[in-house]
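Notes for the structure review
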Amino acid sequence: MPLANRVKEHRARLGINQQELGQRIGASRQTVSLIERGDYNPSITLALRMAREFGVPVEEIFALEGEDTHE
Amino acid sequence: MNKTVKFVLMMLASMVVGGVLGFGVIWFGMNGVAADTLAALENGLALAIPVVQALAILVCSLTAARYMKKARRFAAALDAGDEDQAEPALQAADTAINLLEMQQMLVMFLLPLSVTKMGLSLLASSLLVVISMPLVILNQGRIVNFIRRINPEKRGDVRDLKFNKEWYNSCDEAERQKIGRASYRTVLATQMALVTLLVVVVVVRLLVPGDNLAAWCLLAAILTLKVSFWAGCSRAEKKGGEAL
């Protein structure tokens, strides 16, 4: 099932680029770009690392398509 | 269309193609046409192979260079802060690498066809292989360095025999998933091609005297493919999709 995400928003909030976020969570810039575009659903490990980096719960970054991410 | 009907039709079509190919070979062999036709074919190949090889080198190298120029343009925009340019830059670099692979394959695979009575053809063909190989390695090295500039986490040196392993091990989960899918499709396509060839070789062998070397070679290739795939699956289960 497709995932909606707010990765780009949170990344912009931190003021970092895809490369930097990738380095922090142990993924490539390409993968960050794929996730932001909704072309790749990250593993639980990667999603949790991302949530830790943004300092928010995973549900605030990812949600099933059609459901809102928690504000 | 019903899946069973589609499957039966595909099997029938494969049998017809295999049969036509097999009987075609036998017909050429039995009617004595082979001697004349083969002589003409051999002379034609002797002249054509080095020309085709030279053209392959020229066309593939120049097109790859054009793609790399395009990739560098995208990379410059990426350096200027436009993150959306990374994908097109990598795609253009991938195309350039694939073109160089194709060049090497064409030049290498055409070499055995130049083994004719005309010794000069083999000499020219071998010379072109010797020219093409360092060109491809050098350019692939440059492209890999370019990709590494965009993706600094990538490891591996094209001159290293363990390059593919190192490169894979430096890929993250999304890239490994992509490689896994592409590899599975490759296994299926290769298996289909090898089995089709085996059927043709067996049909020919049943009707024309000769040895079984071709069939044994194809069986060995099928066995290698199957065993390495099973071993790979079992290793991946144990390692949970980690390093190769």
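Everything numeric here is computed off the predicted structure, so don't read it as measured data. (Residues numbered from 1 in each chain as written. Chains lettered and ligands numbered in written order. Predicted model: local features only at pLDDT ≥ 70, side-chain atom pairs only at ≥ 80, totals over all residues. Heavy atoms only, no water.)

It is worth spelling out the domain arrangement of chain B at this point. What the domain assignment reports for chain B is domain 1 (1–31 + 172–244) and domain 2 (43–170). Between domain 1 of chain B and domain 2 of chain B, the C-alpha centre-to-centre distance is 27 Å. (Domains from an automatic or database assignment.)

All right, on to the interface of chain B and chain A then. Taken together, the contact between chain B and chain A spans 14 residues of the former and 17 residues of the latter. Around 1,200 Å² of area is buried between chain B and chain A when both sides are counted, 36% of it from carbon and sulfur atoms. Taken as a group, E83(B), E87(B) and E173(B) account for 44% of the area that chain B buries against chain A, more than any other trio of residues on that side. At the junction of chain B and chain A, the tally comes to two salt bridges. For E87(B), the salt bridge is made with R29(A), and the minimal N-O distance between the two is 3.4 Å. Taken together, the connections running from chain B to chain A amount to seven residue pairs in polar contact (both at pLDDT 80 or more). Of all the secondary-structure elements, those providing two or more residues to the side of chain B that touches chain A are α3 (86–110) and α6 (173–207) of chain B. Ranked by residue count, the leading element in the side of chain B that touches chain A is α6(B), at five residues. Classifying every residue of the side of chain B that touches chain A by side-chain character gives five nonpolar, two polar and seven charged. (Contact = heavy atoms within 4.5 Å. Buried area = accessible area lost by both parts, 1.4 Å probe. Salt bridge = Lys/Arg side-chain N within 4 Å of Asp/Glu carboxyl O. Polar contact = N/O pair within 3.5 Å; in protein donor to acceptor, adjacent residues only side chain to side chain. Helix = DSSP H or I, 4+ residues; strand = E, 2+ residues; numbered from the N terminus. Nonpolar A, V, L, I, M, F, W, Y, C, P; charged D, E, K, R; others polar.)

A few words on the pattern of salt bridges. Evaluated as defined, the whole model comprises ten salt bridges over all chains. One salt bridge connects R24(A) with E20(A), and the closest N-O pair in it is separated by 3.4 Å. Taken as a pair, R24(A) and E20(A) lie in helix α2 (residues 18–25) at a separation of four residues, close to a single helical turn. Given a relative accessible area of 39%, R24(A) falls into the partly exposed group. Note that K154(B) is salt-bridged to E175(B), the shortest N-O span being 2.7 Å. (Buried < 20%, exposed > 50% of the residue type's maximum accessible area, 1.4 Å probe, protein only.)

In this model, chain A carries an average pLDDT of 89, and 92% of its residues clear a pLDDT of 70 or more. Looking at the elements of chain A, mean pLDDT is at its lowest for strand β1 (residues 3–5) of chain A, recorded as 89, and at its highest for helix α4 (residues 44–54) of chain A, recorded as 95. (pLDDT = per-residue confidence, 0-100.)

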